[in-house]
Amino acid sequence: MTSTHRSRGSGSQGGFALVLAAAVFIVSLFLWAEARADAPAPPDAGLVRLSEMEESALLIRTVDAGLYIPAPLVATDIALDIAGPVARATVTQRFENPSDAWVEGIYVFPLPADAGVDRLRMQIGDRFIEGEIHERRQARRIYEEARANGQRASLLEQERPNMFTTSVANIGPGETIIVQIEYQDVARLADGTFELRVPLAITPRYIPADAPQFVAEGRNRPAAVPDAHRITPPLMHPDGEPENALRLPVSITARLQPGFVPGEIASLYHATLVEHLGDGDARISLADGPVPANRDFVLTWRPAEEDRPSAALFTQTLNGETYLLAQVLPPAMLGADTQRRPRETVFVIDNSGSMAGASMRQAKQALLSALDRMQPGDRFNVIRFDNTMEQVFPAPVDASRDNLDRARRFVRGLDANGGTEMLPAMQAALVDATPQDTARVRQVVFLTDGAIGNEDALFAAIHDGLGRSRLFPVGIGSAPNTYFMSRAARAGRGTFTHIGDISEVAGAMDALFAALERPVMTDLDALFPEGALSEIWPAPLPDLYYGEPVLMTARLDNPAGSMRLEGRMGEALWQADLSLSDARPANGIATLWARNRIRAIEELRYQGASPEAINAEVLQTALDFHLVSRLTSLVAVDVTPARPADEALAARDVPLMVPHGWDFEAVMNRSPERQHRAALDPALIDRLAPGTPPAAGDARAREGLALPATATPREWLILLGLLLALAGLAWRVAQRRQSTC
Amino acid sequence: MLNPTLFAKTASLALIAAGTALVGQGVWIGAKAEIAQALLARAWARAIDGESAPTPWPWADTWPVARLSVPDLGEHAIVLAEAGGEALAFGPSLLTASATPGEPGISVIAAHRDTHFRFLQHVEPGQTVIIERTDAPPLAFRVTGSEIVEAARSGIETGNGGPARLALVTCWPFDAVTPGPLRYVVWAEPAGDLQTAGLHP
């Protein structure tokens, strides 16, 4: 009897333990979830981080630090003013605050490589903000003074070299924000065709094989650019379009003064209308009105007659000075049929850890295809480096079949790991055993992602050791250190090639070999009449590779008479005389001249110029020409015109007074049916960080800095864990007693 | 049909395992905080030697910017830059939006209430907080008081200049079991150099 009683008792004990354990488990799960909520939330749909931005946007702060909501973009207008290869782009964008709260935002804009924003204008509601160039420390002082006086101001920071960023404070409920920036870019010339790319959307995208292409003159006729598909068609597949339609109509107009009679003017991905204005000038606009911003706008043009030397001179008069841009295309046929000269080529391949994965495969394939181009009579060597270095041959050897096979086996066996010690490899590659050998040209092809820190030492090594060698950096991967490599190419008097994807290897290497195998124009010089020239940049003029134009900027004391360009191509001399009176007016040339000047002065560093002298020169030039540089910043200042005192009360009802010289018409008078209004997900609006209404000073004091979460779930985890384990243990003991009885 | 004995056995063992894992995770949070401070002490030594932004371990996304100590309580910690979201797990962090200690404006240093800033509950007005920076002589601050604020409306306004002040922030209340919206702020003002504060470095 007693045994059954005890058995029953232990059975109810077991049931109690089970219920207790289950209860503790459920409660702990609940608390666990709450404790975990303390950890940073995962990135949510609809929210973005600054580092992820690949296209222009106005990002509104949310309550989660570092996460932003893109504000709806209502309209974008892009106006291009192209003179010769120089393009001045004015981008005007209109955004709206979708919420009924005051918010703060950050405006980001992707820039083409080498371009710099030098003008910024913003309209936020009824306030006007203009960017001014100041010396960096002074810019900070102005900013801090303005803030202390309660004025609105913001300092423009450079997040990434190719990304323009500025903060926009105090955006009122439903308010409109218009941002206008101007930047300067240079059209790329390849195989006689100029190409200007305006980034509209640069997100990673799927490229359909049969992307439609348009030619300007006739609508929807396939483009007569035979290799258009190779120039990376940046077309987003319709499936990739966001469903909530944040991509909004862009209007684009361009004024083209090519400096020669243009043949075909084409837009690779958009139907355009071309209006010829005579004298080679043209006006280009979109044929079907505004387009969705889902693909880059790429404009190409080429001279009508290809075999004649084409030359163009432009001048700009600014503050009493005359600035000249000369662009001369040496006759293309000079390069085409000339005999190939034997070469001594040293290939250097980076197999450090940062190259792991796709980059290493691209580099290996690029190098293997380069080895295939070596011919009997050439000499070559292969060097690999990570934090160690290895040469396949002690010195360059003949490109015999056996030697090439040995090099290929070496390259195929490479793995990416280790650190990056580029300097010894660079020095080894530049060692020239036969400096007197004029029969062969000496070239160093350097494949790397450029992930290095000791750039100064490398530039010094290139400068000191170059001799007759020429350096051709090949940038590998989606984000190589372009700044380092284009500078290394200039210092090494070669060209810079970028391979961003394995599918680009063949095309990019063909372009590189065109430069390597065809004759180079050297000893270029520009001669001016006595007393005409003040300063010329770049100085000395760089060597020209096949298909490249002479591109030089000068400041002239006296824009009269004629200039002569001469150069040497192998044994042949080339000369061109240009009359300065033929020069036509164009904008942006002074800026280009100043940028060239700053670049050249910065590079004097590696030739022993004192840092103080360099800083002084760079600062003065940057201030004179309104350029953002290493030593200058743009600081945004409120320039809202003061209203008459008697109108102060009704200020918000008075039509906006736009500062003199400002023009936002392009995005203001957009027909409403073209605007697919972008709705914001209502769930996201709750996450917007509250900004500060400008009038409510006391509200601001009440809000203050948002403090981080400063509790760890440590003690709670330990307590819960102990409870759980104890409950489990109790249950287990109850089972044992039950089974033993 | 489920075997009840086997189910009970498996379930109870699972409970024990889950409980042990939770305890382990809790212990790890505390251990991480301690180990990180030891590694940070070495990075701090490098920072004093003039290295800019020395990371305490190669993949760290933060670096030491100051050393904070309260001599009366015998407490000290290396203060990190609030560069990534994870800095608080390793040490007190100087909020990016706030001023450098000793410069005009409010410097806000936050840490977890159950690790590095557990001692904050014992800090009394009149005590001295010493902040050592890499680029300036050590600074003494005198504690003026404390307050409890809401995290979202702290009333702490940074970036506007004004006198140099120090705000040490942690979660409130100290013995709470779940994260809450309240924060405990200890305020301190410059007390001149270490001599006038009656202390020697």
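These numbers come from a predicted model, not from an experiment.

## Some points on the overall build of chain A
Here is step 1: Along the backbone of chain A there are 15 helices and 36 strands.
Here is step 2: Out of the 741 residues belonging to chain A, those deemed buried represent 38%.
Here is step 3: Across chain A, every contact between residues at least 6 apart in sequence was considered, and the portion connecting residues at least 24 apart equals 75%.

## A short note on the overall build of chain B
Here is step 1: Of regular secondary structure, chain B possesses one helix and eight strands.
Here is step 2: Listing every helix and strand of chain B by position from the N terminus yields α-β-β-β-β-β-β-β-β.
Here is step 3: Within chain B, contacts between residues separated by at least 24 positions form 55% of all contacts whose residues are at least 6 apart in sequence.

## Section: the nonpolar core
Here is step 1: Ranked by internal contacts, the top residues of the largest apolar core, which has 99 residues, are Met122, Ile177 and Ile589 of chain A.
Here is step 2: Counting residues in hydrophobic clusters, the runner-up holds 51 residues, among them Val70, Ile130, Phe141 and Val185 of chain B.

## Examining the pairing of strand S6 (residues 103–110) of chain A
Residues and elements named next belong to chain A.
Here is step 1: In terms of residue burial, S6 counts as a mostly covered element, since six of its eight residues are buried.
Here is step 2: Inspection of the sheet shows strand S2 (residues 57–61) paired to S6 by four bridges, in the antiparallel sense. By the bridge assignment for S6, leucine 58 is matched with tyrosine 107.

## A short note on the sheet that holds strand S33 (residues 562–569) of chain A
Residues and elements named next belong to chain A.
Here is step 1: The antiparallel open sheet is built from three strands, whose spatial order is S30-S33-S34. In this open sheet, the two strands that pair with only one neighbour each are strand S30 (521–527) and strand S34 (572–579). Pairs of neighbouring strands in the sheet enclose a mean axial angle of 15°, with direction left out of account.
Here is step 2: Pairing of S33 with S34 involves eight bridges; the strand directions are antiparallel. In the sheet register, leucine 565 faces S34, and the bridge partner there is alanine 576.

## What to know about the environment of asparagine 97 of chain A
All names here are of chain A.
Here is step 1: Position of asparagine 97 among the secondary structure elements: in the loop between strand S5 (86–96) and S6.
Here is step 2: Residues asparagine 97 and threonine 176, spaced 79 residues apart in sequence, show a C-alpha to C-alpha distance of 6.5 Å.
Here is step 3: In this structure asparagine 97 touches Ala71, Val103, Ile171, Gly172, Pro173, Gly174 and Glu175, once residues within four positions along its chain are discounted.

## Considering the packing of helix H10 (residues 589–603) of chain A against helix H11 (residues 611–624) of chain A
Residue and element names in this part refer to chain A.
Here is step 1: Where H10 contacts H11, the axes come no closer than 10 Å and their chain directions differ by 170°. Taken as axis vectors, H10 and H11 run roughly antiparallel relative to one another. Across the interface between the two elements, Ala594, Arg597, Ile598, Ile601 and Glu602 from H10 touch Ile614, Glu617, Val618, Thr621 and Ala622 from H11.
Here is step 2: For the contact of H10 with H11, a count of residues per class yields six nonpolar, one polar and three charged.

## Description of the sheet that holds strand S3 (residues 93–94) of chain B
By definition, the strands of a sheet pair up through backbone hydrogen bonds, in either a parallel or an antiparallel sense.
All names here are of chain B.
Here is step 1: Read around the closed barrel, eight strands run S1-S2-S3-S4-S7-S8-S6-S5, paired in mixed fashion.
Here is step 2: Pairing geometry for strand S4 (residues 106–110) and strand S7 (residues 165–171), over five bridges, is parallel. Looking at S7, one finds that serine 107 is bridged to leucine 166.

Here is what the cut-offs are and how they apply
Residues numbered from 1 in each chain as written. Chains lettered and ligands numbered in written order. Predicted model: local features only at pLDDT ≥ 70, side-chain atom pairs only at ≥ 80, totals over all residues. Helix = DSSP H or I, 4+ residues; strand = E, 2+ residues; numbered from the N terminus. Buried ≥ 20, exposed ≤ 12 C-beta atoms within 10 Å, placed from the backbone. Contact = placed C-beta atoms within 7 Å. Core = buried A, V, L, I, M, F, W, Y, C linked by C-beta atoms within 7 Å. Pairing = 2+ DSSP bridges. Axes fitted to C-alpha atoms, helices over the stretch in contact; angles between N-to-C directions. Parallel < 35°, antiparallel > 145°, perpendicular 65-115°, else oblique. Nonpolar A, V, L, I, M, F, W, Y, C, P; charged D, E, K, R; others polar.

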